[in-house]
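The residues making up each chain are set out below.
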Amino acid sequence: MAKLLRAALTAGAVTALALTATPANAAGPEQLPFPAGTAVGVHNSYEKATFPYFADALDSGAGMLEIDVWTNAFGASWRVSHSNPIGNDNNCANATTTAQLRTNAKNRDLAGCLNDIRTWHDANPGHRPVVLKLEMKDGFLGTSGRGPAALDALLGSKLGDALYRPADLVGGHSDLDTAVQAGAWPTRAQLAGKFIVELIPGTVEESNPFDTLWTDREYAMYLRDLKAAGRLGEAAAFPAVHNAAAGDPRTRYTDAGIRPWFVFFDGDASAYAAAGFDTAWYAQRNYYLLMTDAHNVAPAIDSVNPTEQQARDRLDLLAGKHASLISSDWRTLTSVLTTVVPRAAQ
């Protein structure tokens, strides 16, 4: 009888511990609003040294894939390259069939990369939601016919219904900020089979003293004007506030009318993780927070080949700092790239 009583008490203690550790309202990442799960992305996914083909990047399970885009007038199209402003240097194959994803010649323009993405999408219905991060290396150049509207037209023509667009999030609300603070984000499960395009200013653009209209501000102005004209459905991307800053980083925009069109924030993980930086602000407002160079947060770990445990510990650390996604160059750690954990709520 005493043994039975001890067993019952032990079982009760285990049950109580389990109930304490798992809040009644806890949900798995797939059932959380999209920014509330912390995923893992790969920096410069288009480079051949990162993945042999862009299809390999898509197959990796990463929650974010990055593409660098050049728009200047010295090339015939939107070019994809890290450092060549007039040509293409990448792992995209311009595939229109699955057989071509790893057999076609590489070094394609942005349209070719998007063809790969669409072909892979059609072969993988219901795939995880993927953020496509476009770094606009030298910004938009409307005089070359490569401004925000032209980018939207290209994204729409190639990805079509595979895109999750700003208008989908805004719904009946006045702007993106109002929508997300009203709880409009779908869950990760509801975004299955979708791509979400994020735009950031490029390194060349940000260092160009003659460029006074960076990608983030230009695209936010464009979104505001589309909404006013009743044409928000044409927009295909979300602009991000680039680089970490204390408080509300949107105050850098003197035009207060564009601030509500930013719900993506993108900056260095070490800055966000620094003591005294209030990242809870992003979670409380349902914003999407992307932390780059996750490996550099102290204590630094390898940027390419950390141990799986090191990468998982870093993911957990930055989820606790309210990241929606962390990125590094962990291209071979597919078990980590496919992982999504709940981010801290407060």
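Everything that follows concerns the structure shown earlier in this document.
Residues numbered from 1 in each chain as written. Predicted model: local features only at pLDDT ≥ 70, side-chain atom pairs only at ≥ 80, totals over all residues. Heavy atoms only, no water.

(A) Representation of the state of the cysteines in the model. Counted according to the given criterion, the structure contains one disulfide. Through a disulfide, C92 is tied to C113; the S-S separation comes to 2.0 Å. Looking along the S-S bond of the C92-C113 disulfide, the torsion reads about 100 degrees, which is the right-handed sense. Here C113 lies in helix α3 (residues 110-123) and C92 lies in the loop between β3 (79-80) and α3, a separation of 21 residues in the sequence. Neither C92 nor C113 differs from the other in exposure class; each is buried. (Disulfide = S-S within 2.5 Å. Helix = DSSP H or I, 4+ residues; strand = E, 2+ residues; numbered from the N terminus. Buried < 20%, exposed > 50% of the residue type's maximum accessible area, 1.4 Å probe, protein only.)

(B) Focus on helix α11 (residues 308-319). In a regular helix each residue adds 1.5 Å, so twelve residues correspond to 16 Å; α11 covers 16 Å between its end C-alpha atoms and thus fits that length. Those residues of α11 lying buried are A311, R314, L315, L318 and A319. The buried residues of α11 all sit within an arc of 130 degrees when viewed along its axis, so they share a single face. Packed against the buried residues of α11 are β1 (37-42), α9 (269-273), β8 (288-292), β9 (325-328), α12 (334-337) and β10 (341-342). (Expected span 1.5 Å × (residues − 1). Arc of directions from axis to C-beta. Contact = heavy atoms within 4.5 Å.)

(C) Representation of the side chain of T71 in the model. Mapping T71 onto the fold places it in the loop between β2 (64-70) and β3. If near-sequence neighbours (up to four positions away) are discounted, T71 is found in contact with W78, R79, M136, D138, G139, F140, L141, S144 and R146.

(D) Representation of unusual backbone geometry. Residue P299 follows A298 across a cis peptide bond; omega there is -5 degrees. Structurally, the position occupied by P299 is in the loop between β8 and α11. A positive phi is found at H322, a non-glycine position, where the angle reads about 75 degrees. By secondary structure assignment, the location of H322 is in the loop between α11 and β9.

(E) Representation of the packing of aromatic side chains in the model. Enumeration according to the criterion identifies 16 aromatic pairs in this entry. Judged by centre distance (6.4 Å) and plane angle (15 degrees), the ring pair of Y164 and F238 falls under stacked. One end of the pair, Y164, is in the loop between α4 (148-159) and α5 (166-170); the other, F238, is in strand β6 (residues 237-242), with 74 residues separating them in the sequence. When sorted by exposure, Y164 lands in the same class as F238, which is buried. Aromatic side chains Y272 and F277 sit 5.4 Å apart centroid to centroid with 75 degrees between the ring planes, which places their arrangement in the edge-to-face category. Joined through ring pairs, the aromatic side chains of F34, Y164, W185, F238, F264 and Y288 make up one cluster. (Phe/Tyr/Trp six-rings, centres within 6.5 Å; stacked < 30°, edge-to-face > 60°.)

(F) Fine view of the environment of D266. Within the secondary structure layout, D266 lies in strand β7 (residues 264-268). What makes D266 buried here is its relative accessible area of 1%. Once the C-alpha coordinates of D266 and M291 are considered, the two residues, 25 residues apart in sequence, prove to be 6.1 Å apart. Look past the residues within four positions of D266 in its chain and what remains in contact with it is K133, E198, I200, A240, V241, H242, N243, Y272, L290 and T292.

(G) Quick peek at the pairing of strand β5 (residues 195-201). Within β5, seven of the seven residues are buried, leaving the element largely enclosed by the surrounding structure. Covered by surrounding structure in β5 are F195, V197, L199 and P201 together with I196, E198 and I200, the residues of both alternating faces. In this sheet, β5 lies alongside strand β4 (residues 130-136) in parallel orientation, the contact comprising seven bridges. By the bridge assignment for β5, E135 is matched with I200. With three bridges connecting them, β5 and β6 associate as parallel partners. (Pairing = 2+ DSSP bridges.)

(H) Inspection of the pattern of salt bridges at higher detail. Applying the stated rule across the entire model yields 15 salt bridges. With its nearest N and O atoms 3.8 Å apart, the salt bridge here joins K137 to D68. Within this pair, whereas K137 is found in the loop between β4 and α4, its partner D68 is found in strand β2, the two being separated by 69 residues in sequence. Looking at D68, the relative accessible area reads 1%, which means it is buried. For D177, the salt bridge goes to R250, with nearest N and O atoms at 3.3 Å. Of the two residues, D177 sits in helix α6 (residues 176-181) while R250 sits in the loop between β6 and β7, which places them 73 residues apart along the sequence. (Salt bridge = Lys/Arg side-chain N within 4 Å of Asp/Glu carboxyl O.)

(I) Quick look at the packing of α3 against α4. Relative to each other, α3 and α4 sit at 30 degrees, their axes nearing to 9 Å. By the angle between their axes, α3 is roughly parallel relative to α4. Like other packed secondary-structure pairs, α3 and α4 cross with a definite hand, here right-handed. Together, L110, A111, L114, N115, I117 and R118 of α3 and L151, L154, L155, K158 and L159 of α4 make up the contact between the two elements. Of the residues belonging to the contact of α3 with α4, the class tally is eight nonpolar, one polar and two charged. (Axes fitted to C-alpha atoms, helices over the stretch in contact; angles between N-to-C directions. Parallel < 35°, antiparallel > 145°, perpendicular 65-115°, else oblique. Left-handed = near helix turned anticlockwise from the far one by under 90°. Nonpolar A, V, L, I, M, F, W, Y, C, P; charged D, E, K, R; others polar.)

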